[in-house]
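In case you want the letters, here they are:
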Amino acid sequence: MPTSYATLLEHARSSYFNNAKRNIELKEGNLCILYVIRPLSFYVTPFFLWLKLSANQVTWLSFGLGVLASLALSAGTPAFLQLGTWLFLLFYIGDYVDGNIARVHGTTNYYGKFLDSVIDCLVYSLFWLSLGMGVYRHALTAETSFFPFFSNEPSLFLLVGSVATTAYLGARFVKTRYAQLLANVESIHPEKAGETGK
């Protein structure tokens, strides 16, 4: 494998642009992913390639960052809120680096997709719960609140965090079940492949 940063960066980019993943992300239309997170992930990927880390190892590393981000966010102090935000951004970028590595090495597989999906689900759920906990703790101790209209009932932040977590998990469940339904329909009726996603 070539070792110059520029060559590794080009491998990371070309493996993505020559892959169906780009078409999926374009279809989803998430501008933040397309124009911020994904490009940042390309610049980070060569460092992990130099370290010879596998895609799954980077997934676990990202998970650690996501858990640390959640713990920091739940602390409720401005300093920990900033730390948690930066750690969550690193988790978010790492969530794309693992796929870049898998595509560069040609090691994409169902286990990696499953692991990535489960870890995403755990971290994003923790994020909303931790954010609610952090704002709740801040509201209990601060003289001024982030949100003055909730200052008399800081426990509402716990409720909002819990509802956001539940909504995220529910949406994730529906999306997963819908993808399974489409896969089943397309396996039974291959002539309808591509039509069911409309």
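In what follows, the structure referred to is the one given above.
Notes on the structure follow. (Residues numbered from 1 in each chain as written. Predicted model: local features only at pLDDT ≥ 70, side-chain atom pairs only at ≥ 80, totals over all residues. Heavy atoms only, no water.)

**Regarding the overall build of the chain**
- What the chain contains, in helices and strands, is 7 helices and 0 strands.
- If you sum the accessible surface of the chain, you get close to 12000 Å²; carbon and sulfur atoms cover 67% of it. (Helix = DSSP H or I, 4+ residues; strand = E, 2+ residues; numbered from the N terminus. Areas by Shrake-Rupley, 256 points an atom, 1.4 Å probe, with all protein chains shown as cover.)

**Comments concerning the packing of helix H4 (residues 55-74) against helix H6 (residues 110-141)**
- Close contact between H4 and H6 brings their axes to 7 Å; oriented N to C, the two are set at 10°. Our classification of the angle between H4 and H6 gives roughly parallel.
- Of the residues in the contact of H4 with H6, the class split is 13 nonpolar, 8 polar and 2 charged. (Axes fitted to C-alpha atoms, helices over the stretch in contact; angles between N-to-C directions. Parallel < 35°, antiparallel > 145°, perpendicular 65-115°, else oblique. Nonpolar A, V, L, I, M, F, W, Y, C, P; charged D, E, K, R; others polar.)

**Here we look at H4**
- For H4, with 20 residues, the first-to-last C-alpha span of 29 Å sits near the 28 Å given by 1.5 Å per residue.
- Looking at the buried positions of H4, the neighbouring elements they touch are helix H3 (31-50), helix H5 (78-105) and H6. (Expected span 1.5 Å × (residues − 1). Contact = heavy atoms within 4.5 Å.)

**Points about the environment of arginine 13**
- On the secondary structure map, arginine 13 appears in helix H1 (residues 5-17).
- Residue class for arginine 13 comes out partly exposed when judged on its relative accessible area of 25%.
- The spacing of arginine 13 and valine 104 is 91 residues in sequence and 8.9 Å in space, taken between C-alpha atoms.
- Each residue touching arginine 13, except ones within four places of it in the same chain, is listed here: Phe42 and Tyr43. (Buried < 20%, exposed > 50% of the residue type's maximum accessible area, 1.4 Å probe, protein only.)

**Looking at the environment of serine 54**
- Here serine 54 is to be found in the loop between H3 and H4.
- Assessed through its relative accessible area of 31%, serine 54 is described here as partly exposed.
- On a C-alpha basis, the gap between serine 54 and threonine 107 in space is 8.9 Å, while along the polypeptide they are 53 residues apart.

**Considering the nonpolar core**
- By size, the foremost hydrophobic cluster in this structure holds 31 residues, and its most contacted members are Phe88, Phe91, Tyr92, Val97, Ile101 and Tyr124.
- Of all the secondary-structure elements, those providing two or more residues to this core are H1, H3, H4, H5 and H6.
- Apart from the residues within four sequence positions on either side, isoleucine 101 is in contact with Thr45, Phe48, Leu49, Leu53, Ser54, Ala55, Val58 and Thr107. (Core = buried A, V, L, I, M, F, W, Y, C linked by side-chain atoms within 4.5 Å.)

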